[in-house]
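Observations on the three-dimensional arrangement
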Protein chains: 2
Amino acid sequence: MNITRKNFKETFPLIVESINEADFLAIDGEFTGLTNGRKSHSFDTPEERYHKLKEGTCDFLLVQFGLCTFTYKHEEKKYISKAYNFYIFPTPLNRQASDVRFLCQASSLDFLARQSFDFNKVFYEGIPYLNPAEEQSLSDALQERHNQSMNNELTYVSPSYESPAFKGPLVIPEEHKSFIADICKKIETFLKDEQETSLQLPVCTAYQRKLIYEAARKRFKMGIQLDTQTAENRDRFIVVKKASEEEKKLVEQKKREADWEELKDAVGFSNVIREITRSGKLVVGHNMMLDLMHVLHQFASPLPEDYEEFKSLAHCVFPRICDTKLMSSTNPFKVNIPMTDLGNLTKILERAPFAKPNIEFAAEEHSYSTVANQLHEAGYDAYITGLCFISMANFLGTFQVPIPSRIPANSPLLEPFVNKLYVMMVVDIPYMNLVGADLKPNRDHVFHVSFPASWRTSDIVQLFSAFGHVYIAWINDTSALVGLNYKDNAGLVMKTIGEGESYKIQTYKDYCQTTQVICQTTAVLKRKVDGSPPVKSPRPPKKRKSSGILNPDLPPTIPEEQEETEHEDLGEPLTKKLRESTTDGVVADIANGSSKGDCQLFSVPDTW
Amino acid sequence: MNITRKNFKETFPLIVESINEADFLAIDGEFTGLTNGRKSHSFDTPEERYHKLKEGTCDFLLVQFGLCTFTYKHEEKKYISKAYNFYIFPTPLNRQASDVRFLCQASSLDFLARQSFDFNKVFYEGIPYLNPAEEQSLSDALQERHNQSMNNELTYVSPSYESPAFKGPLVIPEEHKSFIADICKKIETFLKDEQETSLQLPVCTAYQRKLIYEAARKRFKMGIQLDTQTAENRDRFIVVKKASEEEKKLVEQKKREADWEELKDAVGFSNVIREITRSGKLVVGHNMMLDLMHVLHQFASPLPEDYEEFKSLAHCVFPRICDTKLMSSTNPFKVNIPMTDLGNLTKILERAPFAKPNIEFAAEEHSYSTVANQLHEAGYDAYITGLCFISMANFLGTFQVPIPSRIPANSPLLEPFVNKLYVMMVVDIPYMNLVGADLKPNRDHVFHVSFPASWRTSDIVQLFSAFGHVYIAWINDTSALVGLNYKDNAGLVMKTIGEGESYKIQTYKDYCQTTQVICQTTAVLKRKVDGSPPVKSPRPPKKRKSSGILNPDLPPTIPEEQEETEHEDLGEPLTKKLRESTTDGVVADIANGSSKGDCQLFSVPDTW
């Protein structure tokens, strides 16, 4: 169901009802762009990633928000879902309101256009929004304006905040004098004519209207009231009416009430987020870090400088979230899921060993078909994200005896995945933990190298050739992080190539200390350097909220063998790809897709 | 006539023809935003203004360009006009091409939306463009790619630049091995089947396609050819065909020609600007500084840091321009034109003492009606800008004996206005001179004041209260330029309030020196401090190109009295407004519209 400025107000109670009755909610956002500024790479810590995304992507705008609610009907053993697709745009309420500047990325708009995204709907009918601080500031300004106008002996009604009541008096410039005199004469005649009740003045500029207000205020002390109106063709003109002081006060009173109502309306879409927060329901998203950041930034509060503050903010607005990209890239799912982009994931989860969930739309207007490909419409993406979540949740149940008919959103089986956000590209830190410390894997095999701008991938490979294959994450034109595939060799690097004329090498640890990046040498997901499975981490305790160093890959009921595989898998893709892609002596910066050298392998990110 | 990506190529020859046959061209642009960063103010020099606009507005995008050509038919004594309305968008050609990030301003998009601007047309069908440097760089990259692929023993055809020919070999990851083996088996069967000529492989991801290309390259040395195709639903798949080496070479050859053609197409809209440059025709715009800067920035060259370089660039791309906003704000027009915004100007110029020009559209598809209000569609705005130009040009003719039937675009009467851009807000420097030095008026009555952030307009007024009324141009929260209305008092300021605890005052001259702003004390348009008419500047010599210190307000044929009035007018509006607006003791930053204090008077800029 498309929700725009036009039907938002009338639909809002239904949306609130849908949220409150739901078992869980799925969300998705569409943005005007994705990447800007510093590139993400596979050795980012979650904190570094946060800062990169904050700097680079929050200048883009979330213009479409999908919300799909899922309610389980026990009798019918099926979910009822309601999909809402919101178009969002920060039309400034008035001149006191901030006039948002936002960034667009040509390729992203082109991408959306190819998905038939309706930009006109965004800019023509987008629902406005205010975060609480903006709302407060506008509320203060409005209160002050009302107070000031109260203190004026005469008040005039102008819908565009042009009332001169709280501005200094103005003298009519020579070139406008005859025009204004003419208007005043018209008003005079009108006031004398007992039959006429209103007089429409000719269309004129904002400045001329300003002068008319001012002149009328001086000339006609009592008994009239001016009101600026807008014609269909956007021309603006003043209508003069006869009005007693009583009537004028009443009009002013109504105008004030309308002002407050208008401000309330301007909070707009932020109210949806507030309702989601209030509900405390589980919110599911796919690869949802960016969605979450945009939602917080636009509707809650500008993203904090401090990473821990961000975590608190995120947890406060979304007390319980679950990322299906993290689930699907973790075992017991991963072994059965070769592709985790949302489109493919949805298809894969319809087939064995998974099962298509039993879902029905509440009504025609809420419906999407998984057959008709509406991928990348936020409402549809939210819907299929919910489908994926249900399939995966239910799959966790298949390890139980007896197998339950469904796994509800509050099941302890899901706890290992709750409040963790998938971190793209980073293999040894798969998630950002919103309710505890992030994982800190051993990176003794990683080195920071700086070199002349002329260096290419091959120069770095050459430098490290004595230590076997390497994985390169470019930071910029003159530096990179280099990871050894054969970690046993780590101890030799500084001794043998630590000193060079044209380059400089640091251990990752030293690099982190110099750049004050949080980093530590002891890892939770400690892995032996020969690539064998890591030391097992303890099973997570069966409590509602996971925190700290839990391993997300360990749903408590997964059998032992499964667990082994999954441990094996967790750190595997990078080294596997590395080992294979380097067989022919070529190192490819696969995950990073850096275009330095010939390393850009993927044309379509597999990560939506 | 709307021109988009869909009809650009077929229409281009007609556009070129229209340009070449025209007497003059009128242009207009629509942008995704207008203001950002440092505020313009009324004491900006043209150079300062250039830098402010360059920093602040060139991050926005020109998304619609209007071109209207005007050709005079002597026999019929009328102009024939052709209006083109281009939708423009920098869809990246490929991954080598730059992926433009641009800024949008919410109020500007909202404004365009209210004018029924079709954003979908921009993002779906916008004509791409490349500036010459970008074109060269892509051309080099393409050449290199072709060279590399020539050196490969086997070539495959892939439309999305995924050809592995110039990338290192890749090993198939474990999880894809069975999929690839299956594909290879299919291809093998296909090759054996003499009846089949082509084989469509299943839809798969970019990465899988990459693997298929790679595997096929290794496995099937000769006789096959792979081609990635895109289904209507955007799914991509590989089609395998049997092909001899001859056929493959032919296909490769065609592919290369297509690559070059594609690059040529990608230059897109820039070709229109190149044709305009080539034609050397007079280009008319209304308040065209921003249009010009955007056009240069997007289609010619990123705007230079150096102001003089900008002037050269502008003059090089547009050898002959004329700004109707400058004309209409200058006498002999000004006395008859109370409002110079394009909409009002058009109406005013249809009535006496001006006359509606005799114009006809070349064909239905080029037509606009001035009755149907399509203001702010670039094609329409270009059209009415042309109308205004003709009316004003012809009006200049009315001072001649006998009155000519029309004043052509190359008439010497127009020379005073040629190659000068209107500078908004600045009263004592009405234009930027693209072919010579800018005006440098005396600003001895102007002072730079810095103060605590808590200061408001009233504090500054208070500080200067001994010197009469002042004009305030806010620079930021803690500094402003202050102009005395009674310039006689200028000498007293530093002596009496030059030292203060909470503030710091500098003369404008000192301020310019400290900020290294170009500035000088002798003025071309020197005015006596009591506000009487300035010393007359010499009449401009009657030569084709005006340069240096010409006064734009002196069309050579204007009678003496007219000239006086116009001199009087040139510096008048500011002081007049000031004098009047300060009668009641309130200083209003009228021209600037600064919102510090209560000074924001206009809701709609009168400057479009």
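Residues numbered from 1 in each chain as written. Chains lettered and ligands numbered in written order. Predicted model: local features only at pLDDT ≥ 70, side-chain atom pairs only at ≥ 80, totals over all residues. Heavy atoms only, no water.

Per an unreviewed UniProt entry, chain A is named Poly(A)-specific ribonuclease PARN, and its organism is Priapulus caudatus. Listed under Sequence similarities (unreviewed entry) in UniProt, the entry text for chain A is "Belongs to the CAF1 family." Entered under Catalytic activity (unreviewed entry) in the UniProt record, the comment concerning chain A runs "Exonucleolytic cleavage of poly(A) to 5'-AMP." (UniProt positions renumbered as here; feature names shortened; annotations may be inferred.)

1. Examining the overall build of chain A
Helix and strand counts for chain A come out as 19 helices and 17 strands. For chain A, the residues scored as buried account for 57% of the 608 residues in total. Residue pairs at least 24 apart in sequence account for 73% of intrachain contacts in chain A once pairs closer than 6 positions are excluded. On chain A, roughly 25200 Å² of surface is accessible, and the fraction owed to carbon and sulfur atoms is 52%. (Helix = DSSP H or I, 4+ residues; strand = E, 2+ residues; numbered from the N terminus. Buried < 20%, exposed > 50% of the residue type's maximum accessible area, 1.4 Å probe, protein only. Contact = heavy atoms within 4.5 Å. Areas by Shrake-Rupley, 256 points an atom, 1.4 Å probe, with all protein chains shown as cover.)

2. Brief notes about the pairing of strand E9 (residues 282-285) of chain A
All names here are of chain A. Taking every second residue as pointing to the same face, both faces of E9 are buried, with Leu282 and Val284 on one and Val283 and Gly285 on the other. In this sheet, E9 lies alongside strand E2 (residues 24-31) in parallel orientation, the contact comprising 3 bridges. Residue pairing across strands places leucine 25 opposite valine 283, the latter belonging to E9. As defined by bridge partners, E9 adjoins strand E10 (residues 321-323) across 3 bridges and the pair is classed as parallel. The partner of valine 284 across the bridge, within E10, is cysteine 322. (Pairing = 2+ DSSP bridges.)

3. Some points on helix H8 (residues 245-267) of chain A
All names here are of chain A. Taking 1.5 Å per residue, 23 residues should reach 33 Å; H8 reaches 33 Å between its end C-alpha atoms and fits that length. Listed in full, the buried residues belonging to H8 are Lys248, Glu252, Lys255, Arg256, Asp259, Leu263, Ala266 and Val267. Among the residues trailing H8, glycine 268 stands out with phi positive, at a value near 40 degrees. (Expected span 1.5 Å × (residues − 1).)

4. What about the packing of helix H1 (residues 8-21) of chain A against helix H9 (residues 270-279) of chain A?
All names here are of chain A. Here H1 crosses H9 at 15 degrees, and the two axes come no closer than 10 Å. The orientation of H1 with respect to H9, classified from their angle, is roughly parallel. Where H1 crosses over H9, the two elements pack in a sense that is right-handed. Contacts between H1 and H9 pair Phe8, Phe12, Val16, Ile19 and Asn20 from the former with Asn271, Val272, Glu275, Ile276 and Ser279 from the latter. (Axes fitted to C-alpha atoms, helices over the stretch in contact; angles between N-to-C directions. Parallel < 35°, antiparallel > 145°, perpendicular 65-115°, else oblique. Left-handed = near helix turned anticlockwise from the far one by under 90°.)

5. Section: the side chain of threonine 69 of chain A
Residues and elements named next belong to chain A. With respect to the element layout, threonine 69 can be found in strand E3 (residues 62-73). Using a relative accessible area of 0% as the deciding quantity, one classes threonine 69 as buried. Sequence-distant contacts of threonine 69, that is, excluding residues within four places in its chain, are made with Ser18, Ile19, Ala22, Phe24, Leu25, Ile80, Ser81 and Lys82.

6. Brief notes about the environment of aspartate 118 of chain B
Within the secondary structure, aspartate 118 of chain B sits in the loop between helix H3 (106-114) and helix H4 (119-125). Overall, aspartate 118 of chain B belongs to the partly exposed group, its relative accessible area being 24%. A C-alpha to C-alpha distance of 55 Å links aspartate 118 of chain B and alanine 466 of chain B, two positions 348 residues apart in sequence. Beyond its immediate chain neighbours, meaning those up to four positions away, aspartate 118 of chain B contacts Asn120 and Tyr124 of chain A together with Tyr87 of chain B. Polar side-chain contacts of aspartate 118 of chain B include one of 2.9 Å to the side chain of asparagine 120 of chain A. A polar side-chain atom of aspartate 118 of chain B sits 3.2 Å from the main-chain amide nitrogen of lysine 121 of chain B. (Polar contact = N/O pair within 3.5 Å; in protein donor to acceptor, adjacent residues only side chain to side chain.)

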